[in-house]
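# Descriptive analysis of the structure
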Amino acid sequence: MPPTLASLVHHSALKLTVRAGGDRLDVPVRWAHVSELADPVPYMEGGELLLVTALKLDAEDPEAMARYVKRLVGAGVVGLGFAVGVAYEEIPEALVDAAEQEGLPLLEVPRRTPFLAISKAVSAAIAADQYRAVTAGFAAQRELTRQALATGPEGVLSALAAQVDGWAALYDASGAVVATAPEWAGRRAARLTADVERLRERPAPASSVVGGPEHEDRVELHSLGTGRRPRAALAVGTAAALGTAERYAVHSAIALLTLTTERSRSLHAAEQRVGAAVLRMLLAGEPDHARAVAGDLYGELLDAPYRMIVAESGSAASAARVQSDDHARVPPTKSTAATLAAADPHDDPLAALTEVVESAAARAGEAVLVVPEGGSEGRLVVLAADGGAAVAACGEYAAALEAAREGVREEAPVGEDELVVGMSAPAGPIAAAAAYKQAEQALSVARRRGRVCVEHEQMAAGSVLPLLADDAVKAFADGLLRALHEHDATGRGDLVASVRAWLSRHGQWDAAAADLGVHRHTLRYRMRRVEEILGRSLDDPDVRMELWLALKVTTAE
C-alpha cells in the first residue's frame, strides 16, 4: 500500500501529532512538499502533504486561514504539516479551526523533526510500495505464463481474474465471447458486446473503460493483435481502479494473449494452405487424395453434404459488372446487425465475411474451409457443412447487408468493394466441380440482379429479364427494333405495337386485332410489312423469341 497520513502519524521517529481531521488519516500520500508561499496552490498536483512553518502566513487571522485552507483543499492537498517552535510556538487556533471546518488533516511537527525526515519517510514508503508492486507483478507474470503454456487462454483468464480479484473475458474478432473466468462472468461479458464492437473500430492497440449499470463494476477493454485491425479483445472487470500490481498482471495477460492470437494466425495461414490444396484436388476430381490430405483438419467436412460458396469484391466484381445495369446496383453499406460486427465497410469485405464465417464455425465446433483465390482480384471460396453454423452465418450476413441497402438501391452506383456471394446446392466430394460451377452461376445471377447473395436453388425464381439487363442486350434490342420505330415515326402504321399485341396473343389474329382496335386484315398487312422491313419470317420461332425479348427489354427501360 502507498503511505498514508495514518502511517506517518504511527511512524515512531517522526513524533507527529494530529490536531485536526483525525477521521481522514487513511488518505494516501503521493508526496511531501515544503512551501512557505502564501499561495502554493499553483504548484500542487493533488495528493500532497504540505509542510509549512508559516513564516509568510498570518496564521492567527481567522479569515486569512479560512481562505488559505479552503484553497489547499480545492487543490487536492491531503494534509498540512505545521512545524512548531519556528515562527509559532504552537499551532494558532485560527488555523486549527479552519482545518476542522474544511476537514483537512492538520499534523503538528515538533521542532526536533526536520521536514527532510518526513520527506524521506514518504519517499521510502512509496519506493517500498512500488517494489512490492513490481515483485507482485513479476510473480503474476510467471503464473500467467505458466497457465498460458499449460492450459492456453482459458488458464490465462483464470489466473488474471485471481490476480485482480475480479473477472476476465476473451472475445473473438466478431465480438463474440470466447471464454470467461470465473464462469459466472459470462452474462456480464455478453452485455459488453456493443462496447467491444466500438473498440474494434479503432486501430490496435486500443483500450477503453466501461462503467457498469449502477456502478456494478469497472471494466477495462483492451484490443489484442499486432495488426491495424484487432484480432480479439480482453475485458477485465474489478470493483475499483487497478493498482500497480494489478496493472502489471493485465499488461502481462495482454502480451500473452496477443502472442497466442498471432501464433493462431500463423497456424491459420498454414491450415489455409492445406485447405487450398484440398480444394484443388476436389475440383480436379480427386476426392480420395483430397480426403487423405485433409486428414483430421477438414476430413469431417468431406464426410457429409457441404455447400460451395464463392464471393467476390473489389476489382474482380467491378470488372465483371462493367456491363451491368446501374439500376440493379447498390452502394456498400455497413451492416448494423450486432452479430455481424466484423463487417466494416472501411476494410476488405471478403475479410469481414471470412471473420463472420470462421467465427460462427469456431463457436459451433465445426470445420470450415476458406480459401482466398485470385490474389488481388478479390475472390473467396468457402466449403462449409450444409445446414451448419457457417452457412447460416453467411446467409444472415448477406440478409443484413441486403436489408441495409434496400432503401438506396436506385440512388448510387456500385462501389468498388461491393460484396457479391453465390452459393451452390448441397453436394458431396465427387461433385465438387459441379458445386463450384453452381456457385459461380449463382454469383453471376446475384451480380446481375443487384443482390448480395443468391443460392443456386433460387436461380429459377423471378424473371429472366434482369439477367439480360446489360448494354449488349439493349444494343441488340434497339438495333432489331430501330427500323420499325423509324417506320412508325412517319405515321404510316403502328408496327411496334402491332408486333407486341400479336406476340402476346400467340399469333391469334382476331384477339390481337381486337386489342389494337383494328380489323384483322389490317393487322395481317402490318405483320407482312414487319417481315419486309426486317427481312425475316415471323413463322420462325427464333425470330418471334428475339422480337419478344427486344420488346420486353426496351419496355423495362
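Analysis parameters
- Residues numbered from 1 in each chain as written.
- Predicted model: local features only at pLDDT ≥ 70, side-chain atom pairs only at ≥ 80, totals over all residues.
- Heavy atoms only, no water.
- Pairing = 2+ DSSP bridges.
- Helix = DSSP H or I, 4+ residues; strand = E, 2+ residues; numbered from the N terminus.
- Axes fitted to C-alpha atoms, helices over the stretch in contact; angles between N-to-C directions.
- Contact = heavy atoms within 4.5 Å.
- Salt bridge = Lys/Arg side-chain N within 4 Å of Asp/Glu carboxyl O.
- Buried < 20%, exposed > 50% of the residue type's maximum accessible area, 1.4 Å probe, protein only.
- Disulfide = S-S within 2.5 Å.
- Parallel < 35°, antiparallel > 145°, perpendicular 65-115°, else oblique.
- Left-handed = near helix turned anticlockwise from the far one by under 90°.
- Nonpolar A, V, L, I, M, F, W, Y, C, P; charged D, E, K, R; others polar.
- Phe/Tyr/Trp six-rings, centres within 6.5 Å; stacked < 30°, edge-to-face > 60°.
- Right-handed = clockwise from strand over helix to strand, strands pointing away.
- Patch = residues over 30% accessible without salt bridge, like charges linked within 9 Å, V, L, I, M, F, W, Y side chains within 5 Å.
- Areas by Shrake-Rupley, 256 points an atom, 1.4 Å probe, with all protein chains shown as cover.
- Lys, Arg positive; Asp, Glu negative; His and termini not counted.
- Charge placed at Lys NZ, Arg CZ, Asp CG, Glu CD.
- Polar contact = N/O pair within 3.5 Å; in protein donor to acceptor, adjacent residues only side chain to side chain.

## Here's the deal with the sheet that holds strand S9 (residues 218-224)
If you walk across this open sheet you meet the five strands as S7-S6-S10-S9-S8, and the pairing is antiparallel. Of all the strands in the sheet, just strand S7 (177-181) and strand S8 (207-211) have a single pairing partner and so form its edges. Taking each pair of neighbouring strands and ignoring which way they run, the sheet shows an average axis angle of 20°. Bridge count for strand S6 (residues 167-171) against S7 is four bridges, and the pairing is antiparallel. Residue Leu-170 lies in a different strand from S7, and its bridge partner there is Ala-179. Sitting on the sheet, helix H5 (residues 153-164) is in contact with S6, S7 and strand S10 (232-238), with an inclination near 150° to S6. The strands touched by helix H7 (residues 193-200) are S6, S8, S9 and S10; relative to S9, the strand with the most contacts, the crossing angle is about 40°.

## Considering the pattern of salt bridges
Summed over the entire model, instances satisfying the criterion amount to 22 salt bridges. A salt bridge links Glu-220 to Arg-247; its shortest N-O distance comes to 2.7 Å. Here Arg-247 lies in helix H8 (residues 244-283) and Glu-220 lies in strand S9, a separation of 27 residues in the sequence. Overall, the relative accessible area of 25% leaves Arg-247 in the partly exposed class. Note that Arg-451 and Glu-402 form a salt bridge whose closest N and O atoms lie 3.5 Å from each other. Pair noted here: Arg-451 is in the loop between helix H13 (432-449) and strand S15 (453-455) and Glu-402 is in helix H12 (residues 389-405), with a separation of 49 residues, a long-range link. Residue classification places Arg-451 among the partly exposed positions, given a relative accessible area of 32%. Judged by relative accessible area, which is 14%, Glu-402 ranks as buried. Through salt bridges that share partners, Glu-312, Arg-379, Glu-440 and Arg-447 make up one connected network.

## Structural notes on the side chain of Ser-252
Mapped onto the secondary structure, Ser-252 falls in helix H8. For Ser-252, a relative accessible area of 9% puts it in the buried group. For Ser-252, the residues in contact, after removing those within four places along its chain, are Gln-141 and Leu-144.

## Digging into the state of the cysteines
Evaluated as defined, the whole model comprises zero disulfides. Unpaired in terms of disulfides, Cys-394 finds its nearest cysteine sulfur in Cys-453, a separation of 5.2 Å. Overall, Cys-394 belongs to the buried group, its relative accessible area being 2%. Given the relative accessible area of 11%, Cys-453 is considered buried.

## A closer look at the packing of helix H15 (residues 495-504) against helix H16 (residues 509-516)
With their axes 8 Å apart at the nearest point, H15 and H16 run at an angle of 135° to one another. Considered as vectors, H15 and H16 are oriented oblique to each other. The two elements H15 and H16 meet at a crossing, and its hand is right-handed. The segment H15 lies against H16, with Ala-497, Ser-498, Ala-501 and Trp-502 engaging Trp-509, Ala-512 and Leu-516. Looking at the contact of H15 with H16, its residues break down into six nonpolar, one polar and no charged.

## Section: the packing of aromatic side chains
Evaluated as defined, the whole model comprises two aromatic pairs. Note on Phe-82 and Tyr-88: the rings are 6.1 Å apart at their centroids and 50° apart in plane angle, and the pair reads as tilted. Aromatic pair Trp-502 and Trp-509: ring centres 5.5 Å apart, planes at 40°, arrangement tilted. Taking the relative accessible area as the measure of exposure, Trp-502 reaches 5% and is therefore buried.

## A word on the sheet that holds S15
Across the sheet, five strands lie side by side as S12-S13-S11-S14-S15; this open sheet has mixed pairing. The open sheet is flanked by strand S12 (368-373) and S15, the only strands paired with a single partner. Strand after strand, the sheet turns through a mean of 15° between neighbouring axes, direction not considered. In the sheet, strand S11 (residues 306-312) pairs with strand S14 (residues 420-423) via four bridges, with the strands oriented antiparallel. Within S14, the position partnered with Val-310 by the bridge is Gly-422. Sitting on the sheet, H13 touches S11, S12, strand S13 (379-385), S14 and S15, and the angle it makes with S11 is about 40°.

## Structural notes on the pairing of strand S4 (residues 79-83)
With five of five residues buried, S4 is to be regarded as a mostly interior element. Residue alternation in S4 divides its side chains into two sets, Gly-79, Gly-81 and Ala-83 and Leu-80 and Phe-82, and both sets are buried. As defined by bridge partners, strand S3 (residues 48-52) adjoins S4 across four bridges and the pair is classed as parallel. When the bridges of S4 are listed, Leu-51 appears paired with Gly-81. With helix H2 (residues 62-74) bridging S3 and the parallel S4, this β-α-β connection has right-handed handedness. Two strands pair when backbone bridges link them, and S4 and strand S5 (residues 106-109) are joined in this way by four bridges, in the parallel orientation.

## Quick word on a negative patch on the surface
On the surface, Asp-23, Asp-26, Asp-97 and Glu-100 cluster together into a patch of negative charge. A residue is classified by how much of its surface remains accessible, and Glu-100, at 46% relative accessible area, is partly exposed.

## Details of the side chain of Thr-258
Relative to the helices and strands, Thr-258 is located in helix H8. Engagement of the side chain of Thr-258 in a polar contact is seen with the backbone oxygen of Ile-254, the distance being 2.7 Å.

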